[in-house]
There are 2 protein chains.
Amino acid sequence: MTAAQGSGRGRTKSTGAPATGRTHDPEGVKRNILEVATREFAAKGYSGARVDEIAAKTATSKRMIYYYFRDKEGLFVAVLEEAYSGIRRIERDLDLGDLPPADALRRLTEFTFDYQNAHPDFVRLVMVENIHDGEHLERSERIQSLNVSVIDVLEAVYRRGVADGVFRAGIETLDLHMTISALSFFNVANRATFSKIFKCDMRSDESLAKRRSQVAETVVRYVRKAAL
Amino acid sequence: MTAAQGSGRGRTKSTGAPATGRTHDPEGVKRNILEVATREFAAKGYSGARVDEIAAKTATSKRMIYYYFRDKEGLFVAVLEEAYSGIRRIERDLDLGDLPPADALRRLTEFTFDYQNAHPDFVRLVMVENIHDGEHLERSERIQSLNVSVIDVLEAVYRRGVADGVFRAGIETLDLHMTISALSFFNVANRATFSKIFKCDMRSDESLAKRRSQVAETVVRYVRKAAL
DNA sequence: AACGCATTGTACCATTCGGTTCAAAATCCC
DNA sequence: GGGATTTTGAACCGAATGGTACAATGCGTT
């Protein structure tokens, strides 16, 4: 919060370096603010995050936060929107090719697991939002309108599996998705308390790889039609 | 925050009713504060909870909070300790009788699922603590010393299942517990966002019962030795 | 019946926090 | 190249917040 900003912001008048930094770069400024705010809200929760501190870690000033996002709540909603569109975008591009249903389901699960692990900030924001009963999520039209494509992908895989006779019938896609989410989410969300209480490491590459395959196995076994 | 406290606290001098309320009742006062604080921290997170508001909802005053718990952090740690000893106490008394391993595992899972559902405040406190990277949990000797008896119970059931040839070998108890926790936790923790995004109800008795049996089924299928 | 300690209430304080004022500077567009 | 508009910064503000000073009251003990 000291050196990163201040007097010499590297895009001032005299040296005249319009190369990278335009002096007016609204999108860049907004993006910058959102990135910093994402980290702060994820790290300290909604109330714990301080607008002043977010501003300090930004290349711009507090004034700009209020200029672009109106107030703290507006900023948080924007952060949430960004975070949610992140996964949705990736989910949409998820291509399971023509894998056999069980393999496709396994891959989809592992993908979810990996995504959550790679994006702890997203996971934490979801936690924060849940503490607040999803009130911000409710307020955002943009999030409401993001259609959840995982469900479709998952549905297709499941149907294929049932048709092939490898999956048992009667499972609802949403329930299946909930299982996948729950197992993936927990590993990131409850890492701190769980690992402290049970004195284990949940972040090492080995633990992650191991857990990842367990989660996938759990999901597949849940839908697989029992042999015999 | 209005009528519940104020002038007539029902235990004042003149009417002299020593029946219930002793004027000096440290334990009662502490308990009262902890109850209120639990609700507040669970509802609004650590930073979002206000000491003044907790005090206002108490039968006593802010002064007492600082007198007994030193500061806001001390209060939160005490709240966490209470919450954790809650489950531990129940876990300890969990008796699975001589149920066949699969049934015992199912019951243990359902028990965990039910407990979390019956104690959303506990779940939320764990979320809050995770947002803060478990720093308070680390500080509490009392929590550190609470031994986690579920693991022993689970271990016993699992071993019995392997011995009986109904469970496959090679599963670590801790991993199994993580699966049970994850599936139970999610339903309470992410209720708000999940139900809003997928437009479903996760609190009705039917959904809960349905989900409960799915979770148990998921766990059992994970450990059960595949027929054939 | 009075001492001393645990317990409680009131009023208050310093700081922090979200948010704003006011005006300057840079840019765009003609 | 100049005026309207957008973008930015520093200082400032009132309310809220965590925490305390101080005094007082009740209680068990002797």
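Below or above, wherever it landed, is the structure these notes cover. (Residues numbered from 1 in each chain as written. Chains lettered and ligands numbered in written order. Predicted model: local features only at pLDDT ≥ 70, side-chain atom pairs only at ≥ 80, totals over all residues. Heavy atoms only, no water.)

Focus: helix α6 (residues 120-131) of chain B
All names here are of chain B.
Right, so step 1: Under the 1.5 Å per step criterion, the end-to-end length of α6 is 17 Å for 12 residues, consistent within 8% with the ideal 16 Å.
Right, so step 2: Taking burial as the measure, the 12 residues of α6 include 10 buried ones, the bulk of the element.
Right, so step 3: All of the buried residues along α6 are Phe 122, Val 123, Arg 124, Leu 125, Val 126, Met 127, Val 128, Glu 129, Asn 130 and Ile 131.
Right, so step 4: Remark: Asp 133 follows α6 within two positions and exhibits a positive phi of approximately 60°. (Helix = DSSP H or I, 4+ residues; strand = E, 2+ residues; numbered from the N terminus. Expected span 1.5 Å × (residues − 1). Buried < 20%, exposed > 50% of the residue type's maximum accessible area, 1.4 Å probe, protein only.)

Quick notes on the relation of the copies chain A and chain B
Both copies of the chain are tied together by a single rotation about an axis and a shift running along it.
Right, so step 1: Once chain A is rotated about the relating axis by 180° and shifted along it by 0.0 Å, it coincides with chain B to within an RMSD of 0.0 Å. Taken together, the rotation and translation relating the two chain copies correspond to the operation of a two-fold axis.
Right, so step 2: Of the interface residues in chain A, 100% have counterparts in chain B that sit at the interface too, so the contact is made through matching surfaces. (Least-squares fit on C-alpha atoms with pLDDT ≥ 70 in both. Contact = heavy atoms within 4.5 Å.)

Some words on helix α9 (residues 149-164) of chain A
All names here are of chain A.
Right, so step 1: Helix length check: α9, at 16 residues, gives a terminal C-alpha distance of 23 Å against a target of 22 Å (1.5 Å per residue), a fit within 8%.
Right, so step 2: Inspection of α9 places Ser 149, Val 150, Ile 151, Val 153, Leu 154, Val 157, Tyr 158 and Gly 161 among the buried residues, and these make up the whole buried set.
Right, so step 3: Of the surrounding secondary structure, the elements contacted by the buried residues of α9 are α4 (72-93), α5 (101-118) and α10 (173-189).
Right, so step 4: Gly 165, located one to two residues past α9, shows a positive phi value of around 80°.

Things to note about the packing of aromatic side chains
The geometry of two aromatic rings is summed up by the distance between their centres and the angle between their planes.
Right, so step 1: Counted according to the given criterion, the structure contains 22 aromatic pairs over all chains.
Right, so step 2: Ring centres of Phe 186 of chain A and Phe 194 of chain A lie 5.5 Å apart, and the angle between their planes is 85°; on these two criteria the pair is classed as edge-to-face. Here Phe 186 of chain A matches Phe 194 of chain A in class, with each residue buried.
Right, so step 3: With centroids separated by 4.5 Å and ring planes inclined at 40°, the aromatic side chains of Phe 194 of chain B and Phe 198 of chain B adopt a geometry described as tilted. For the pair formed by Phe 194 of chain B and Phe 198 of chain B, the shared burial category is buried.
Right, so step 4: Aromatic ring contacts, followed pair by pair, group Tyr 84, Phe 111, Tyr 115 and Phe 122 of chain A into a single cluster. (Phe/Tyr/Trp six-rings, centres within 6.5 Å; stacked < 30°, edge-to-face > 60°.)

Such coordinate-based values are descriptive only and should not be taken to indicate function.
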